[in-house]
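The lines below spell out each chain.
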Amino acid sequence: TYGLAHGVFCADELLCEPDQQKMPSRGTELCTVVEAMFSYNTMFSVHGDVVFADRAERIAYNALPATWSSPRGGDMWAHQYLQAVNEINAVSVADHVWTHDGPDAELYGLEPNFGCCTANFNQGWPKFANMIFYTTPDGGVAVGTYAPASAVLPGGAQIDIVTAYPFDDVIIITLRSAAAMTLWVRIPGWATQAKLIVLGKVQPTPKNGTMMKLAMPAGGGVVTLNMNAAVRTEHWYSPGTVSVHRGPLMYSIPIAGNFTKLRQYAFESADYQVLPNASWAYAIDLSQNITYFQPGYQAGAAPFNKTAWPVYLEATVRPLAGWGEEKNSAAPPPGGPVCAGSACGAPQRVR
């Protein structure tokens, strides 16, 4: 009911009012983001339901990295208290769309609005990494979420994941075990055409939204999972609006930001206001192809940055002059189709 396209709830302290339960300009607290990641992974560890791991990944690879930024890009020196899906600025204003937090809640900084997120957001990545592998009641091991990782299991077996996921579809899992054991591999709900190779043999297309049970022999072996993801659109806010996804990632038009430093703290810590340098109001033309490009992740680069993207989409959009602001945030997105007559500008391809 309250879920947003990047995986978390519309909840700026309280759940949003009934008429704004999925409003993409309403905020979600950073503490909620990291606690939700941990909660969904914990629910997966108890129930084994793929939907929980899918949601943990969606939050980890979209909501979490979206909540920090700086003029340098890609670092974690400045974060927000509240983030929003359709966020067009980060300013300190008395008239704001969120209801229970102060005017600085969307600034990027050391401790905007309140210091809890400063202390809490650092748990996000470590707890996520610590919940990639799980031992199972049958004496095996399950892979719940995907990232480059390795672990030594009780009994001495070792498991490794080599991948550039979420910036690549291919995941190579190597299990080394003196005895035969079961390997459980998660097939995400969106991976409808995944490809699986076990011990060098191509397997039938695995069912999406399930945990694949693989019998691994003594000595172990290699499993290669290719997600073979497709671009998809999802309706979260209304039937006439869409979010665009491929694999675990959600995509958006990059809005160039003008950073103004408001306060300087020790080291590289500062508070920033950010205003858009470019237009943000567009309608997407779903009659035209959305094309996926994968330049590739460069080892050592900041994985979520404003430049040198390891993956991106190209889509056709049209400027939508009638979509304006309310309370210094993007107004509710108009439902499509919206480009009848002269309501929209000329089509253009964007990344």
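Located above this text is the structure these notes cover.
Here's what I pulled together on the structure shown here. (Residues numbered from 1 in each chain as written. Predicted model: local features only at pLDDT ≥ 70, side-chain atom pairs only at ≥ 80, totals over all residues. Heavy atoms only, no water.)

### Some points on the state of the cysteines
Convention followed: In this description, a disulfide is simply a cysteine sulfur pair whose atoms lie within 2.5 Å. Throughout, exposure labels follow a simple rule: accessible area from a 1.4 Å probe, protein chains only, divided by the maximum for the residue type, with under 20% read as buried, over 50% as exposed, and the rest as partly exposed.
In this structure the tally under the stated criterion is two disulfides. Note on cysteine connectivity: Cys-10 is disulfide-linked to Cys-16, with sulfurs 1.9 Å apart. Between Cys-10 and Cys-16, the disulfide has an S-S torsion of -85° and is therefore left-handed. With respect to class, Cys-10 is no different from Cys-16; both count as buried. Linked covalently through their sulfurs, Cys-339 and Cys-344 form a disulfide whose S-S length is 2.0 Å. Around the S-S axis, the bridge from Cys-339 to Cys-344 shows a dihedral of about -80° and counts as left-handed. Judged by its relative accessible area of 23%, Cys-339 falls in the partly exposed class.

### Remarks on unusual backbone geometry
For clarity, the cut-off: Put simply, DSSP marks the helices as runs of H or I at least four residues long and the strands as runs of E at least two long, and each gets a number from the N terminus on.
Of note, the bond from Tyr-165 into Pro-166 is cis; its omega dihedral lies within 30 degrees of zero at 15°. At Phe-267, a residue that is not glycine, the phi angle is positive and equals roughly 55°. Tracing the sequence through the fold places Phe-267 in the loop between β18 (257-264) and β19 (270-276).

### With respect to the pattern of salt bridges
Rules: We define a salt bridge as a contact between a side-chain nitrogen of Lys or Arg and a carboxyl oxygen of Asp or Glu at a distance within 4 Å.
With the rule as written, the count across this model stands at 13 salt bridges. A salt bridge links Asp-271 to Arg-263; the shortest N-O distance between them is 2.7 Å. Accessibility expressed as a relative area gives 35% for Arg-263, which makes it partly exposed. In this structure, a network of salt bridges that share partners links the residues Asp-12, Glu-17 and Arg-26.

### Some remarks on the side chain of Arg-246
Put simply, the test is: Each polar contact in these results corresponds to two N or O atoms within 3.5 Å; when the atoms are within protein, one needs to be able to donate a hydrogen and the other to accept it, and residues that are neighboring in sequence are counted only if both atoms are side-chain atoms.
By the element assignment, Arg-246 lies in strand β16 (residues 243-246). A polar side-chain atom of Arg-246 sits 2.8 Å from a polar atom in the side chain of Asp-169.

### Quick notes on the sheet that holds strand β9 (residues 170-176)
Our working definition: Two strands qualify as a pair provided that DSSP identifies no fewer than 2 bridges between them.
Judged by pairing direction, the sheet is antiparallel, and its six strands sit side by side in the order β7-β8-β9-β14-β11-β12 without closing on themselves. With one partner strand each, in any of the chains shown, β7 (149-152) and β12 (201-202) form the two edges of the open sheet. Inspection of the sheet shows strand β11 (residues 195-198) paired to strand β14 (residues 221-226) by four bridges, in the antiparallel sense. Bridging across to β14, Val-198 finds its partner in Val-223.

### Brief notes about the pairing of β11
The alternating pattern of β11 places Leu-196 and Val-198 on a buried face, while none of Lys-195 and Ile-197, on the opposite face, is buried. Bridge count between β11 and β12: two bridges; the pairing is antiparallel. Looking at β12, one finds that Val-198 is bridged to Lys-201. The hairpin formed by β11 and β12 contains two residues between the paired strands, and Leu-199 there has a positive phi angle of roughly 55°.

### Some remarks on the pairing of β14
Side-chain alternation along β14 places Gly-221, Val-223 and Leu-225 on a buried face and Val-222, Thr-224 and Asn-226 on a face that remains uncovered. For β9 and β14, the ladder comprises six bridges, and the chain directions are antiparallel. Bridging across to β14, Ile-173 finds its partner in Val-223.

### Considerations on the layout of surface pockets
Spelled out, the test is: A 1.4 Å probe that fits but cannot get out identifies a cavity on a 1 Å grid over protein atoms alone, an open set with protein on both sides within 12 Å along at least five of seven lines counts as a pocket, and a residue lines either if it has an atom within 4 Å of a point. Grid points are joined across faces, edges and corners, and a volume is the space filled by probe spheres set on the points. Gly is put with the polar residues, along with every residue not named as nonpolar or charged; the nonpolar set is Ala, Val, Leu, Ile, Met, Phe, Trp, Tyr, Cys and Pro, and the charged set is Asp, Glu, Lys and Arg.
By volume, the second largest pocket amounts to about 230 Å³. In terms of lining residues, the second largest pocket is bounded by 14 residues, among which Tyr-61, Ala-147, Pro-148, Tyr-165 and Pro-166 are the most central. Broken down by element, the lining of the second largest pocket gets its largest block of residues, three residues, from helix α4 (residues 124-129). Taken together, the residues of the lining of the second largest pocket sort by class into 13 nonpolar, one polar and no charged.

### Things to note about helix α1 (residues 30-47)
Keep this limit in mind: Helix span is expected to be 1.5 Å times the residue number reduced by one.
Spanning 18 residues, α1 covers 26 Å between terminal C-alpha atoms, matching the ideal 26 Å at 1.5 Å per step. Among the residues of α1, those classed as buried are Leu-30, Cys-31, Val-33, Val-34, Ala-36, Met-37, Tyr-40, Asn-41 and Phe-44. Positive backbone phi, at 70°, marks Gly-48, one or two positions downstream of α1.

### Focus: the sheet that holds strand β10 (residues 181-187)
To keep it simple, the criterion reads: Angles here are taken between N-to-C directions and fall from 0 to 180 degrees, while the axes themselves are lines fitted to C-alpha atoms, restricted in helices to the stretch in contact. Contacts were defined at the residue level, with two residues in contact if any of their heavy atoms lie within 4.5 Å.
Pairing within the open sheet is mixed, and its four strands lie in the order β5-β6-β10-β13. Bordering the open sheet on either side are β5 (133-135) and β13 (210-216), each of which pairs with just one other strand. Strand after strand, the sheet turns through a mean of 25° between neighbouring axes, direction not considered. With three bridges joining them, strand β6 (residues 141-143) and β10 adopt parallel strand pairing. Note on β10: the bridge partner recorded for Ala-142 is Trp-184. Its contacts with the sheet place helix α2 (residues 50-66) against β10 and β13, and it is angled at close to 60° to β10.

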